[in-house]
Every structure is written in C-alpha cells, then in structure tokens.
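Listed here are the chains, written in short residue letters.
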Amino acid sequence: MITIEDALRIALEAHDGQKDLDENPVILHPMTVALAGRNREEQVAGLLHDVVEDTAFTFDDLLQRGVDESIVDALRLLTHTKDMTYEEYVNRIATSGNDIAIHVKYNDLCHNLKRGRAGGHTRLVEKHEKALAVIEPLIN
C-alpha cells in the first residue's frame, strides 16, 4: 500500500520542471487536488492523476512503485487519451461507478475552474463548467 508521501515523491519526480498555463509549477495542481481528497486513496490518486497523461510514466511504472491496483484503476479512468473527446472522457468517469475517480475528477474540475477563472482562460472555464455539471450530481 503506497503512502501519501510516496505518491508525492512520484508526482514531484514526474512533474519536475513542468509549468502550467500561468507559468506556475505544475505540481501545485495535483497537490491541491490531493488536499481536497476525503481519504488516502483519493489523496494518492489526486497527486498522481496527471502523471500518465502528462509525463513519460506508465501505469506499469506506478504499479511497480507500489501504487494500489484500485488506485491505478481510477487513474486509468482519469487519464484522458487522444482516442476520445473530452465529453466522452468525462462521461466514462461519470458512468464508471468508480468512487475514487469520480471524487478526484470533481476536485480536479473545481481547482481547474478556480485557476481558469483567475487566469482569464474562458474556453477552459466553459469546458470545465460543462464537465462539472456531469460530475457534481454524483458527489455524495
């Protein structure tokens, strides 16, 4: 079972040197998403939710580093691949029944909306508002 500290080390390594649209260190986003998690699984998944999508890490790498299979399953859902639209991706999470993925995506969208509004990223805000309308009713 991976610890939150181990997940943070992986996320720091994976996102080392990356900057977001506003030139902030990328690691601040997964840390914020993780802090919104209700339990260890959501916090670990929050830290790692962009690792496979945005870095050279693979799901096998995460498994080899000790990430729980249940968390990797959630990360598979949370990773947006080029073979599906953003709407399909969000709907896949929403219909998955995977509580970890649904809650992490909710936390991710809330932070993305806050950052998007603060940075004046209108198109991203619209995209994330639509996604939140799908995910938010599933939050208990």
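Residues numbered from 1 in each chain as written. Predicted model: local features only at pLDDT ≥ 70, side-chain atom pairs only at ≥ 80, totals over all residues. Heavy atoms only, no water.

Visitor: Can you lay out the side chain of His111 for me, pointing to particular residues and giving the numbers?
Guide: Its place among the elements puts His111 in helix α8 (residues 99–119). For His111, a relative accessible area of 14% puts it in the buried group. Sequence-distant contacts of His111, defined by excluding residues within four places in its chain, comprise His29, Thr32 and Val33. (Helix = DSSP H or I, 4+ residues; strand = E, 2+ residues; numbered from the N terminus. Buried < 20%, exposed > 50% of the residue type's maximum accessible area, 1.4 Å probe, protein only. Contact = heavy atoms within 4.5 Å.)

Visitor: Mind laying out the environment of Asn107, listing which residues take part and the relevant values?
Guide: Within the element layout of this structure, Asn107 appears in helix α8. In this structure Asn107 comes out as buried when scored by relative accessible area, which is 12%. Expressed as a C-alpha distance, the spacing of Asn107 and Glu42, which sit 65 residues apart in the sequence, is 9.6 Å. Non-local contacts of Asn107, meaning those with residues more than four positions away in its chain, are made with Val33, Ala36, Gly37 and Glu42.

Visitor: Please provide a residue-by-residue account of the layout of surface pockets, values included.
Guide: Counted as a void, the largest pocket has a volume near 600 Å³. If you trace the largest pocket, you find 24 residues lining it, with Asp50, Asp54, Asn112, Arg115 and His128 closest to the centre. Of all the elements in the fold, those that place two or more residues in the lining of the largest pocket are α4 (51–54), α7 (86–96), α8 and α9 (122–135). It is α8 that provides the largest number of residues to the lining of the largest pocket, a total of five residues. (1 Å grid on protein atoms, 1.4 Å probe; cavity = no way out; pocket = protein on both sides within 12 Å on 5 of 7 lines; lining within 4 Å. Points joined across faces, edges and corners; volume = space filled by probe spheres on them.)

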